[in-house]
Amino acid sequence: MKIIALAGNPNVGKSTVFNSLTGLHQHTGNWPGKTVSNASGTFKYNNKDYKIYDLPGTYSLISHSEEEEVARDFICFNKYDLVIVVCDAVCLERNLNLVLQTLEITKKVIVCVNLMDEAKKKKINIDLTKLSNILGVPVVGTSARNKNGINELLNNLENTNFNPFEIKYYDKVEEAIDILLPYLKDKTKDLNPRWVAINLINYEESLYKKITNYLNYDLLKDKIIKNQLIYIKEEGNYNVVDSLIKKSEEIAKKVVTYENKNYKQKDLKIDKITTSKLFGIPLIITLLMVIFWLTIKGANYPSELLFQFFSYLEIHILNFLEFLKFPQFLINLLISGVYKVLTWVVAVMLPPMAIFFPLFTLLEDLGYLPRIAFNLDKMFKKCCACGKQALTMCMGFGCNAVGVSGARIIDSPRERLIAILTNVFVPCNGRFPTMITLITIFFVGINGSSFLSVIILTLVILLGFLLTFLVSYILSKTILKGVPSSFTLELPPYRKPQVGKVIIRSIFDRTLFVLSRAVIVAVPAGALIWLLANLHINDISLLNHISSFLDPFGKLIGMDGVILISFILGFPANEIVIPIMLMTYMATGNLVEYESLESLRSILVNNGWTVTTAICVLIFSLCHFPCSTTCLTIKKETGSLKWTLLAIIIPTLIGIILCFLISNISNFI
Amino acid sequence: MYLCDMKVGNKAIVKKIVANDNIKRRLLDIGLIEGTNVECVLKSPFNDPKAYLIRGAIIAIRKEDCDKIEVDII
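Per chain, residue numbering runs from 1 following the sequence as it is written. Working convention: letters from A go to chains and numbers from 1 go to ligands, in the order in which they are written. Reporting of local features is limited, given that this is a predicted model, to residues whose pLDDT is at least 70; pairs of side-chain atoms are given and counted only at 80 or more, and all residues count toward the totals for whole chains, interfaces and linings. Only heavy atoms go into the side-chain values, all of them from the structure, while hydrogens and water stay out.

Asks: What is the right way to read the domain arrangement of chain A from this model?
Replies: Residue and element names in this part refer to chain A. If you check the domain split of chain A, you get domain 1 (2–155), domain 2 (171–237) and domain 3 (280–483 + 500–668). Note on terms: buried area is the combined drop in 1.4 Å-probe accessible area of two parts once they are placed together, counting the loss on both. Contact between domain 1 and domain 2 buries roughly 980 Å² in total, counting both sides, with carbon and sulfur atoms accounting for 53%. Of all residues in domain 1, Arg 72, Phe 77 and Glu 104 bury the most surface against domain 2, accounting for 55% of the area lost on that side. For salt bridges, the criterion is a side-chain nitrogen of Lys or Arg within 4 Å of an Asp or Glu carboxyl oxygen. Joining domain 1 to domain 2, the criterion identifies two salt bridges. Note that Lys 79 is salt-bridged to Asp 190, the shortest N-O span being 3.1 Å. Polar contacts, as used here, are pairs of N or O atoms within 3.5 Å; protein pairs need one atom able to donate a hydrogen and one able to accept it. Residues neighboring in sequence count only if both atoms are side-chain atoms. Taken together, the links from domain 1 to domain 2 amount to five residue pairs in polar contact (both at pLDDT 80 or more). Residue ranges for the domains trace back to a domain assignment, done automatically or taken from a database.

Asks: What should I look at first to understand the pattern of salt bridges in this one?
Replies: A side chain with one charge can pair with a side chain of the opposite charge if their charged atoms come near. All chains considered together, the criterion is met by 31 salt bridges over all chains. A salt bridge links Glu 415 of chain A to Arg 414 of chain A; the nearest nitrogen and oxygen atoms lie 3.7 Å apart. One network of salt bridges, in which partners are shared, links Glu 93, Glu 249 and Lys 253 of chain A together with Arg 55 of chain B.

Asks: Is there a simple way to think about the interface of chain B and chain A in this case?
Replies: Frequently, the measure chosen for interface size is the accessible area that the parts lose on association. Across the boundary between the two partners, chain B contributes 33 residues, which contact 44 residues of chain A. In total, about 3,600 Å² of surface goes out of reach between chain B and chain A, with carbon and sulfur atoms giving 58% of it. Considering only the surface of chain B that becomes buried against chain A, Arg 26, Asp 29 and Arg 62 of chain B emerge as the three largest contributors, covering 22% of it. The interface formed by chain B and chain A includes six salt bridges. In this structure, Lys 381 of chain A and Glu 64 of chain B form a salt bridge, with 2.9 Å as the shortest nitrogen-oxygen distance. Taken together, the connections running from chain B to chain A amount to 14 residue pairs in polar contact (both at pLDDT 80 or more). For helices the rule is a DSSP run of H or I covering at least 4 residues; for strands it is a run of E covering at least 2, with both sets numbered from the N terminus onward. Those elements that provide at least two residues to the side of chain B that touches chain A are helix H1 (21–29), strand S2 (37–43), strand S3 (50–54), strand S4 (57–61) and helix H2 (63–66) of chain B. Bridge count for strand S9 (residues 488–490) of chain A against S4 of chain B is three bridges, and the pairing is antiparallel. What sits directly across from Leu 489 of chain A, in S4 of chain B, is Ala 60 of chain B. What makes two residues a contact is simply this: any of their non-hydrogen atoms within 4.5 Å. By this definition, two strands are paired if DSSP reports at least two bridges between them.

Asks: Just to check I follow, could you spell out empty space enclosed by the protein for this structure?
Replies: Over the atoms rolls a probe the size of a water molecule, and in doing so it shows where empty space is left. Residues and elements named next belong to chain A. Of the grid points, spaced at 1 Å and generated over the protein atoms alone, those admitting a 1.4 Å probe that cannot get out make up cavities, while open sets with protein on both sides within 12 Å along at least five of seven lines make up pockets; any residue with an atom within 4 Å of a point is treated as lining. Grid points are joined across faces, edges and corners, and a volume is the space filled by probe spheres set on the points. All told, the structure shown has 10 cavities of 30 Å³ or more when counted by the stated rule. In this model, the largest cavity occupies a volume close to 170 Å³. Those elements that place two or more of their residues in the lining of the largest cavity are helix H3 (92–105), helix H8 (193–201) and helix H11 (240–255). Here the lining of the largest cavity is composed, by residue class, of 11 nonpolar, three polar and one charged. Looking at which domains feed residues into the lining of the largest cavity, each of domain 1 (2–155) and domain 2 (171–237) supplies at least three. As a working rule, the residues Ala, Val, Leu, Ile, Met, Phe, Trp, Tyr, Cys and Pro are called nonpolar, Asp, Glu, Lys and Arg charged, and the rest polar, with Gly in that last group.

Asks: It is not clear to me how helix H19 (residues 432–444) of chain A should be interpreted in this structure. Could you clarify?
Replies: Each α-helix turn comprises 3.6 residues. Residues three or four places apart therefore point the same way. Residue and element names in this part refer to chain A. With 12 of 13 residues buried, H19 lies mostly within the body of the structure. Buried, partly exposed and exposed residues are distinguished by accessible area as a fraction of the type maximum, computed with a 1.4 Å probe on protein chains only: under 20%, between the cut-offs, and over 50%, respectively. Phe 432, Pro 433, Thr 434, Met 435, Ile 436, Thr 437, Leu 438, Ile 439, Thr 440, Ile 441, Phe 442 and Val 444 are the residues of H19 that are buried. In the segment just after H19, Gly 445 is the residue with positive phi, at about 80 degrees.

Asks: Honestly, the state of the cysteines in this entry has me stumped. Any pointers?
Replies: Should the sulfur atoms of two cysteines be covalently bonded, the bond is a disulfide. Any two cysteine sulfur atoms lying within 2.5 Å of each other are counted as a disulfide. Under the criterion given, the structure shown has zero disulfides over all chains. Free cysteine: Cys 627 of chain A, not disulfide-bonded; nearest cysteine sulfur from Cys 428 of chain A at 6.3 Å. The thiol of Cys 40 of chain B is not disulfide-bonded; the next cysteine sulfur, from Cys 66 of chain B, is found 8.9 Å away. Note on Cys 40 of chain B: relative accessible area 0%, which makes it buried.

Asks: Sorry, what's going on with the packing of aromatic side chains here?
Replies: All names here are of chain A. Note on ring pairs: Phe, Tyr and Trp rings are taken, using the six-membered ring of Trp, and paired if centres are within 6.5 Å. Classes follow the plane angle, with under 30 degrees stacked, over 60 edge-to-face and the rest tilted. Under the defined criterion, the tally for this structure stands at 21 aromatic pairs over all chains. Look at Phe 77 and Trp 195: their rings are 6.4 Å apart centre to centre, the planes differ by 70 degrees, and that puts the pair in the edge-to-face class. Taken together, the positions of Phe 77 in helix H2 (residues 66–77) and Trp 195 in helix H8 put the pair 118 residues apart, joining distant regions of the chain. In this structure Phe 77 comes out as buried when scored by relative accessible area, which is 12%. A residue is classified by how much of its surface remains accessible, and Trp 195, at 7% relative accessible area, is buried. With centroids separated by 5.4 Å and ring planes inclined at 65 degrees, the aromatic side chains of Phe 329 and Trp 530 adopt a geometry described as edge-to-face. Of this pair, Phe 329 sits in helix H14 (residues 328–366) while Trp 530 is found in helix H21 (residues 499–534), placing the two residues 201 residues apart along the sequence. For Phe 329, a relative accessible area of 46% gives the class partly exposed. Taken together, the ring pairs in this structure connect Phe 292, Phe 356, Phe 357, Phe 360, Phe 397, Phe 432 and Phe 465 into an aromatic cluster. Counted as over-ring charges are cases with an Arg CZ or a Lys NZ within 6 Å of the ring centre that also lie within 35 degrees of the ring normal. The cationic tip of Arg 371 hangs over the ring face of Tyr 494; the distance from NZ or CZ to the ring centre is 4.1 Å.

Asks: It is not clear to me how the pairing of strand S1 (residues 2–8) of chain A should be interpreted in this structure. Could you clarify?
Replies: Both faces of the sheet carry side chains from a regular strand, because those side chains alternate between them. Residue and element names in this part refer to chain A. Of all seven residues in S1, five are buried, a share of seventy percent or more. Pairing analysis gives five bridges linking S1 to strand S3 (residues 48–54), with the strands arranged parallel. Note that in S3 the partner of Lys 2 across the bridge is Tyr 50. Summarising the sheet, S1 and strand S4 (residues 82–88) pair through five bridges and their orientation is parallel. Each bridged residue has a counterpart across the sheet, and for Gly 8 the counterpart in S4 is Val 86.

Asks: Help me understand the environment of Ile 281 of chain A, please; the structure alone is not making it clear to me.
Replies: By the secondary structure assignment, Ile 281 of chain A is in helix H13 (residues 280–323). Classification of Ile 281 of chain A as partly exposed rests on a relative accessible area of 22%. Dropping the residues within four chain positions of it, Ile 281 of chain A is found in contact with Asn 375 and Leu 376 of chain A together with Pro 45 and Phe 46 of chain B.

Asks: Sorry if this is basic, but what is going on with the packing of H14 of chain A against helix H16 (residues 389–398) of chain A here?
Replies: A pair of packed helices is captured by two measures, namely the crossing angle of their axes and the spacing between those axes. Residues and elements named next belong to chain A. For helices, the axis comes from a line fit to the C-alpha atoms of the stretch in contact; other axes are also lines fit to C-alpha atoms, and the angle between any two N-to-C directions lies between 0 and 180 degrees. Taken N-terminus to C-terminus, the directions of H14 and H16 make an angle of 155 degrees; their axes are 10 Å apart at the nearest point. With respect to H16, the axis of H14 lies roughly antiparallel. In terms of crossing hand, the pair formed by H14 and H16 is left-handed. Listed contacts from H16 to Phe 356, Phe 357 and Phe 360 of H14 are Cys 394, Met 395, Phe 397 and Gly 398. Orientation is classified from the angle alone, with under 35 degrees giving roughly parallel, over 145 giving roughly antiparallel, 65 to 115 giving roughly perpendicular, and any other angle giving oblique. Left-handed describes a crossing whose near helix is turned anticlockwise from the far helix by less than a right angle; the clockwise case is right-handed.

Asks: It is not clear to me how the environment of Ile 355 of chain A should be interpreted in this structure. Could you clarify?
Replies: Residue and element names in this part refer to chain A. Within the secondary structure, Ile 355 is located in helix H14. For Ile 355, a relative accessible area of 23% gives the class partly exposed. Spatially, the C-alpha atoms of Ile 355 and Gly 298 are 7.4 Å apart, while their sequence positions differ by 57 residues. Setting aside its immediate chain neighbours within four residues, Ile 355 contacts Leu 294, Thr 295, Gly 298 and Ala 299.

This is the structure in structure tokens:
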């Protein structure tokens, strides 16, 4: 089997090329967690087997983030038969830098110039034959989204016509390489000695350590080599990468022609509006509101239908279980426990997610998200954090665990930690249904305007943003002291989203993924809660014991013991907080069916809920410990129990303080 | 004049880069070296960062990271 590595800059459609080759479903984009795990796939062509690794997007092989290190290490030290470097046809010059760096390491390179369709639209012509002649390796033009050129790429996999040109550096660098080469020849194993020489001259610590590890030999401890290097270094500073950039420029000048010099103007015109003083920030808020409005409005009816369907089904399942002569205890456990919680989760979560995720993915596909980071960066800088934190927050809307692992796009470890610790202040999809339900019931009325719900929800989210900034700032001034690190952010061209694919992808990759996670925890949680509610000590249920134990504290912060225990039992998944609450209330006497929001309201009100309670639950739902999946992800990403505990303590403490203040102020009024 | 002082619409050539290793590496990533053509194309709602057209890509850079990059307006 032949091994292929797929490399390329971020945002060049590398994953799309990967998908077209392997046919495996994978999400496109440079969000980590999607490609950082070195996704691999296999395919067969002309009766030959291939295994292909999709490396994380990287601008250069002189890495500075973990993701880039993964890509670099693979190309430098792994065994493979071929590297395909995917380039962006619209921005070929910058992409050539990576091609040239790769050619330093291995000869076996195919250059895949992707996004040819977009280049054509922008009237950018690329002479692929000339490029191939200059580079001395095969060059294939593709538009992977439309599967154009993929066959040609496949046909070239066995093309062994590698005759790459050697990059000539400044004379001084070349002299230095010539001095070093004789001493390196028999010490570099299968690494290209010239490449090793260049990296000794252009010393970079982390890469040097990797080379030492690979060779099992510390070249700098070799006296002769060291003396030669000292001699070379006396001659002055050698900038190796500069030469590569200049070479790329030179090559690009020869092969790229622009029929329309102002091809950027259309995008820039849009950007002038989306990043303007007047519209920049309001547009972000408006877009958020539109998405929420569509989600709430669109989810109501299907949710109602699902509820009806599930309660219709319940009768039949009940009859069936009785027909099978199941013991009554088991039937109750399965129906009142497992089935009720499970169906609640599906009915409440599925419709809003099936609307929210595709809408959000559309924005992502369009290329709008980096503009959000651009617009808000100054605020993050003021908090000594990174503008890319805005992107991790956007991911957090879908799922906080995704937001946390997404923080890998932030290079500075300090700023990454800040993004991780504050991500929970963005309400995830598991918490939206709770919030929307409470807002509908207590603030706008069941038949109230969904527009009002949206405004209230947006206010809650803005509070979350405010807390994010505040906590980021405090962290930067206390335990995570530091100044903002350097930051560059690419604003990629807008791309017309492929609506059909977006819907399919977001339903399968995100909606079903999150839903299945919730369902998996809902089943045991439902059973556990039913048991707690139905096992009695001194004639009082266990659940009752626990909730009355928590009750005084709950009352102190404007809620009650039942609400607190629901949040605690909802640790595996926030989606099930409301069903647990209902079940606990119902198990303690007020047995009501919860088929509609109307009955939900009466259950809550009968158990002493007021508007203040609802506000406190809303706030606490925004600020409390992250769910178990997120906590595990935080542990994995930070590798530290201390930070994981802090990620739990900070939001919980803030939630408790806020709720305490709210309930006491409202008592006072 | 420094890169961060450019106004939207200004075009310039980079004359001299003084920066720490971290920023320098990042600038190399986007192909910004001495002699590179840049154009300031956007500024964010709070005036910072600004975005520059560099080798065909639009890149946002904060003021702090480019206040020591000397440019000649053309």
